[in-house]
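# Structural overview
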Amino acid sequence: MQQQNPPRFPFEQRTRAGLLLFMGTLRLYTKQALSISEQIELLKSRGLNIADSSKAVKFLGEVSYFRFVQYLRPMEEDKTTHQFKPNSRFEDAVALYNFDIELRDLMFKAVQRLEIALRTKIIQEFSLAHGPFWFFDTSLADDEHKFIENMNSIGRELQRCKEDFIKEHRRNYDKPIFPPAWKTLELASFGTLSKLYYNFGDKKLKKRVARQFNLPQHEVLESWMRSVTVLRNCCAHHSRLWNRYLSNAPQMNASLRGAWVNIEGVDANKVYAIACCIAYWLDSMGYGLDFKNELKSLLVSYPQVDPAAMGFPENWISEPYGDNFIDKIQVSLCLVKTCRKHYK
């Protein structure tokens, strides 16, 4: 006898039947969208002081409530009911939001300088040693599967590319299928460039690149590259940064040649750790002082922000980079503590 398949119902009926069957365990989202006026009234009902409702309406018309609420969380007294601490102010959360924008801008500017320098050194060193097409030479790759993934990524980036120098290359040359490294890898994302470096088989050459950034081994550079990639993506997508837990913590315990911070008690997944790595990295290029001074100025400009939320230790000012950060700044500790008490 021919086996009969069970009857097939339209998708809507199957979905509805599934909901009815498992209604006892399903958790349904029932919240509805709120108007901006309703959002403001909700915040007021939870104890948030809003001095100027018209400014709040304008702000929430430009920054979504869902995005902004992440900057209100530190002021909450009750994380379940979302009731705010006494004297919590809408304006302080706006200041924290603006601080985060400037922090991302500062970090992204630093990452761009690092990325361009790293791209330049990888292309130059690897191409001089192994020719202009080293990046698609399987004999130079540690892992064939990762090699294929990298080539697929580069292929997609080339297909999307509208750059004049690629168009000109295609008009003049048919083989090899990829342009040389100094053209192709100018298009590669930082993530793809990093993966090429990770999978490159010539360890001595990788170490040579790392040494140019005053790092002892390529493993340290690889660790920092992974961390910077996460940071870069966070900045590029305008994600909250100031108190974020960043995945891919950088290696902090290496014996470095230059001045380094005391890593005892430092949370390597916080902004402070990656800021120290960036400062050290930039120092090797002669740009570290500018970065440290800009970060110093930013922290001083926003006394509402508690550096501890970003992983800064209590004694960070006495660290090698802290002395440069905050040299002779005169800030009223009383004012700072008063402003920060809502953000702990």
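Data block above holds the structure.
Below is a summary of the structure that appears in this document. Since this is a predicted model, take the numbers as computed values, not measurements.

## Remarks on the overall build of the chain
Each helix and strand in the chain was counted, giving 15 helices and 2 strands. Of all 344 residues assigned to the chain, the portion counted as buried reaches 44%. Long-range contacts, defined as pairs at least 24 residues apart, comprise 68% of the intrachain contacts of the chain with a sequence gap of at least 6.

## Structural notes on the nonpolar core
It is characteristic of soluble globular proteins that their nonpolar side chains tend to be buried jointly. Ranked by internal contacts, the top residues of the largest apolar core, which has 97 residues, are Phe 68, Phe 90, Phe 99, Met 107 and Ile 278. The dominant element in this core, judged by the number of residues it contributes, is helix 5 (residues 90-130), at 18 residues. If sequence neighbours within four positions are ignored, Ile 278 has contacts with Met 107, Ala 110, Val 111, Leu 114, Leu 231 and Phe 291.

## Some points on the pattern of salt bridges
If you walk through the whole model with that rule in mind, you get 11 salt bridges. Linking Glu 115 and Arg 119 is a salt bridge whose minimum nitrogen-to-oxygen distance equals 2.6 Å. Highlighted residues: Glu 115 and Arg 119, both in helix 5, separated by 4 residues, approximately one helical turn. Neither Glu 115 nor Arg 119 differs from the other in exposure class; each is buried. If you follow the salt bridges from partner to partner, you end up with Glu 115, Arg 119 and Arg 232 in one network.

## Observations concerning a positive patch on the surface
A grouping of Lys 162, Lys 167, Arg 170 and Arg 171 is seen on the molecular surface, where their side chains present a positively charged patch. Turning to its location among the elements, Arg 171 is positioned in helix 7 (residues 164-172).

## Quick look at helix 2 (residues 36-45)
Of all the positions in helix 2, only Gln 39, Ile 40 and Leu 43 are classed as buried. All buried residues of helix 2 fall inside an arc of 95° around its axis, so they share one side. With its phi angle positive at about 100°, Gly 47 sits one or two positions after the end of helix 2.

## Things to note about helix 13 (residues 288-301)
Between its terminal C-alpha atoms helix 13 stretches 20 Å, which fits the 20 Å expected from 14 residues at 1.5 Å a residue. The complete set of buried residues in helix 13 reads Gly 288, Phe 291, Lys 292, Leu 295, Lys 296, Leu 298 and Leu 299. Along helix 13, the residues classed as buried sweep out an arc of 165° about the axis, all on the same side.

## Looking at the environment of Gly 61
Residue placement: Gly 61 occurs in helix 3 (residues 53-62). On the basis of relative accessibility, which here comes to 55%, the residue Gly 61 falls in the exposed class. For the pair formed by Gly 61 and Ser 35, sequence separation is 26 residues and the distance between their alpha carbons is 9.8 Å.

## Some words on the packing of helix 3 against helix 5
Between helix 3 and helix 5, whose axes approach to 11 Å, the crossing angle comes to 35°. The element helix 3 and its partner helix 5 pack so that their crossing is left-handed. Contacts between helix 3 and helix 5 involve Ala 56, Phe 59 and Leu 60 on the former and, on the latter, Phe 90, Val 94 and Tyr 97. A breakdown of the residues in the contact of helix 3 with helix 5 according to their chemical character gives 6 nonpolar, no polar and no charged.

## A few points about the packing of helix 5 against helix 10 (residues 203-211)
Viewed as axis vectors pointing N to C, helix 5 and helix 10 meet at an angle of 145°, and their least axial separation amounts to 10 Å. The hand of the helix 5/helix 10 crossing is right-handed. In this structure, helix 5 uses Leu 118, Lys 121, Ile 122, Glu 125, Phe 126, Ala 129 and His 130 to contact helix 10, whose residues at the interface are Leu 205, Lys 206, Arg 208 and Val 209. Grouping the constituent residues of the contact of helix 5 with helix 10 by class yields 6 nonpolar, 1 polar and 4 charged.

## Remarks on the side chain of Arg 46
In this fold, Arg 46 is placed in the loop between helix 2 and helix 3. There is no salt bridge for the buried Arg 46, and the closest opposite charge comes from Glu 76, which lies 5.5 Å off by N-O distance. Apart from residues no more than four positions distant in its own chain, Arg 46 is found in contact with Tyr 65, Thr 81, His 82, Gln 83 and Phe 84.

## Some points on the state of the cysteines
A complete count under the given rule lists 0 disulfides for this structure. Distance from the sulfur of Cys 276, which forms no disulfide, to the nearest cysteine sulfur (Cys 277) is 6.9 Å.

## Here's the deal with the side chain of Gln 39
Positionally, Gln 39 belongs in helix 2. Given the relative accessible area of 11%, Gln 39 is considered buried.

## Overview of the packing of aromatic side chains
Going through the model one piece at a time under the given rule, you end up with 21 aromatic pairs. Measuring from centroid to centroid gives 6.0 Å for Trp 134 and Phe 135, while their planes differ by 90°, and the two rings are edge-to-face. When its relative accessible area of 3% is taken as the criterion, Trp 134 is described as buried. Taken together, Phe 126, Phe 133, Trp 134, Phe 135, Phe 136, Phe 178, Tyr 197 and Phe 200 form an aromatic cluster joined through their ring pairs. Above the ring of Tyr 287, the side-chain terminus of Arg 113 is found at 3.8 Å from the ring centroid.

What counts and how
Residues numbered from 1 in each chain as written. Predicted model: local features only at pLDDT ≥ 70, side-chain atom pairs only at ≥ 80, totals over all residues. Heavy atoms only, no water. Helix = DSSP H or I, 4+ residues; strand = E, 2+ residues; numbered from the N terminus. Buried < 20%, exposed > 50% of the residue type's maximum accessible area, 1.4 Å probe, protein only. Contact = heavy atoms within 4.5 Å. Core = buried A, V, L, I, M, F, W, Y, C linked by side-chain atoms within 4.5 Å. Salt bridge = Lys/Arg side-chain N within 4 Å of Asp/Glu carboxyl O. Patch = residues over 30% accessible without salt bridge, like charges linked within 9 Å, V, L, I, M, F, W, Y side chains within 5 Å. Areas by Shrake-Rupley, 256 points an atom, 1.4 Å probe, with all protein chains shown as cover. Lys, Arg positive; Asp, Glu negative; His and termini not counted. Charge placed at Lys NZ, Arg CZ, Asp CG, Glu CD. Arc of directions from axis to C-beta. Expected span 1.5 Å × (residues − 1). Axes fitted to C-alpha atoms, helices over the stretch in contact; angles between N-to-C directions. Left-handed = near helix turned anticlockwise from the far one by under 90°. Nonpolar A, V, L, I, M, F, W, Y, C, P; charged D, E, K, R; others polar. Disulfide = S-S within 2.5 Å. Phe/Tyr/Trp six-rings, centres within 6.5 Å; stacked < 30°, edge-to-face > 60°. Lys NZ or Arg CZ within 6 Å of the ring centre and 35° of its normal.

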